[in-house]
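# Residue-level structural notes
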Amino acid sequence: MRKPVRRTLTSLAATTALALTLAACGSGGSGSGSGDSKADMGGMPGMSTSSGASNSATHDMSAMGGNATDGDGLAAEQAGYRLDPIGGLPAAGTPGAFTFRITAPGGAPLTAFTAEQTKDLHFYAVRSDLSGFQHLHPTMAADGTWTAPLAALRPGAWRVYTQLTPAEGPGKGTMMVLSRPLTVPGQAADTPLPAAAESTTVDGYTVTVAGKPVAGQAVPLTVTVSKDGRPVTDLQPYLDTYAHLTAFHAGDQAFAHLHPQTPVGTGTGTGGPSLPFHAELPKAGDWRLFLQFQTAGTLHTAALTLKVS
């Protein structure tokens, strides 16, 4: 009976590792809260922005660890830590700053964070119909106030998310996602969610996703990037990975953050064309995937709808 037991334990260990990989990719250091404040995408999918020099490629994805948060990212408070907006979103059609604090149990601003994918805090703004998406790395002032410079937003219902890991207090080392619904005043019209598809294009690149995700199960997904029918092999490190993949559930905007399994090597020009992911999406239905990847110093964001059974 030894061999069957060994296989069972191996399977359980692999499943646990995949679940942790999906939810957490913590790097070891703590930071001051500063980071780049460039919008990775504007109000509509398919835009790209220049990001200048590529990030360091020192992060080994096989060394990911830390404790992952439970839940779907739709709560404003977890374990006494809370997302507190300071004012609302900018007026429709006008770029502007959104300010907020993360408060610790007891109400004092949290100012010590453990970096995850090179950043102390990841900020997302997503429209309720999933037609708008911005991923930012805001800066933090000494008093714990964060400032996120948003590109112009369309009128309607939005949700803002913060992904963070406290470096002190009772939640130390626990990654959590805190979010709040907010509204941009004005005449709002929803955009129908695009139908589920296996591929999409952005900036001349074709992104294809292969896999059959099942709700609540760790399932492999493979993302392939090509251009003009040829495989792309010059993906540059972005946030110490070759791609950043975030997913939002249609209807309730539940959040999921997926990570590629391929470690970033040294130098550039070594990423792609295929990027394996392990996806554990908690709910059935349509999910809108936003894949961010970098080539020649330019960040591209591809969006497609994935059906989860």
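This write-up is about the structure you can find in this document. (Residues numbered from 1 in each chain as written. Predicted model: local features only at pLDDT ≥ 70, side-chain atom pairs only at ≥ 80, totals over all residues. Heavy atoms only, no water.)

### Things to note about unusual backbone geometry
Following Gly 272, the chain continues to Pro 273 via a peptide bond in cis, the omega torsion being 0°. Summarising the element assignment, Pro 273 is placed in the loop between β18 (255-258) and β19 (274-279). Its identity as a non-glycine residue notwithstanding, Thr 118 has a phi of 75°, on the positive side. Within the secondary structure, Thr 118 is located in the loop between β6 (113-116) and β7 (121-127). (Helix = DSSP H or I, 4+ residues; strand = E, 2+ residues; numbered from the N terminus.)

### Concerning the pairing of β18
Where burial is concerned, the two faces of β18 agree: the one with Phe 255 and His 257 and the one with Ala 256 and Leu 258 are both buried. Linking strand β17 (residues 244-249) to β18, which pair antiparallel, is a turn of 5 residues; within it Gly 251 sits at a positive phi near 105°. (Buried < 20%, exposed > 50% of the residue type's maximum accessible area, 1.4 Å probe, protein only. Pairing = 2+ DSSP bridges.)

### A short note on the packing of aromatic side chains
Applying the stated criterion to the full structure yields 15 aromatic pairs. With a centroid separation of 5.8 Å and 25° between ring planes, the pair formed by Phe 98 and Phe 100 is classed as stacked. Comparing Phe 98 with Phe 100 shows no difference in burial state: the two are buried. Here Phe 100 and Trp 146 contribute two aromatic rings whose centre-to-centre distance is 6.4 Å and whose plane-to-plane angle is 5°, an arrangement assigned as stacked. Of this pair, Phe 100 sits in strand β5 (residues 96-103) while Trp 146 sits in strand β10 (residues 145-150), and the two are 46 residues apart along the sequence. (Phe/Tyr/Trp six-rings, centres within 6.5 Å; stacked < 30°, edge-to-face > 60°.)

### What about empty space enclosed by the protein?
This model, assessed by the stated rule, comprises 1 cavity of 30 Å³ or more. Roughly 40 Å³ of internal volume is contained in the largest cavity. Every residue along the wall of the largest cavity is listed here: Thr 200, Val 207, Val 209, Val 223, Leu 245, Leu 289, Leu 291, Ala 302 and Leu 304. Those elements that provide at least two residues to the lining of the largest cavity are β14 (205-210), β20 (285-295) and β21 (298-308). (1 Å grid on protein atoms, 1.4 Å probe; cavity = no way out; pocket = protein on both sides within 12 Å on 5 of 7 lines; lining within 4 Å. Points joined across faces, edges and corners; volume = space filled by probe spheres on them.)

### Quick notes on the sheet that holds β7
Ordered by their spatial adjacency, 4 strands build an open sheet running β8-β7-β11-β12, and the pairing between neighbours is antiparallel. The open sheet has two free edges, formed respectively by β8 (133-136) and β12 (176-184), since each of these has just one partner strand. Averaged over all adjacent pairs, the angle separating strand axes in this sheet is 15°, with direction ignored. Sheet analysis places β7 next to strand β11 (residues 156-164), joined by 7 bridges and oriented antiparallel. Counterpart to Ala 125 in the pairing with β11 is Val 160. (Axes fitted to C-alpha atoms, helices over the stretch in contact; angles between N-to-C directions.)

### Details of the layout of surface pockets
What the second largest pocket holds in volume is close to 210 Å³. Considering the residues around the second largest pocket, the lining is formed by 13 residues, among which Glu 198, Gly 211, Lys 212, Leu 306 and Lys 307 are closest to the centre. Looking at the lining of the second largest pocket, the elements with two or more residues in it are β14 and β21.

### Describing the sheet that holds β5
Pairing within the open sheet is antiparallel, and its 5 strands lie in the order β3-β4-β5-β10-β9. The strands lining the two open edges of the sheet, one partner per strand, are β3 (77-78) and β9 (139-140). Bridging between β3 and strand β4 (residues 81-86) involves 2 bridges; their strand directions are antiparallel. Across the sheet, Gln 78 pairs through a bridge with Tyr 81, a residue of β4.

### Focus on the pattern of salt bridges
Under the criterion given, the structure shown has 8 salt bridges. Between Arg 101 and Asp 143 there is a salt bridge, with its nearest N and O atoms 3.7 Å apart. Separated by 42 residues along the polypeptide, Arg 101 in strand β5 and Asp 143 in the loop between β9 and β10 bring together distant segments of the chain. Of the residues examined, Arg 101 reaches a relative accessible area of 28% and is grouped as partly exposed. Via salt bridges that share partners, Asp 72, Asp 252 and Lys 283 belong to a single interconnected network. (Salt bridge = Lys/Arg side-chain N within 4 Å of Asp/Glu carboxyl O.)

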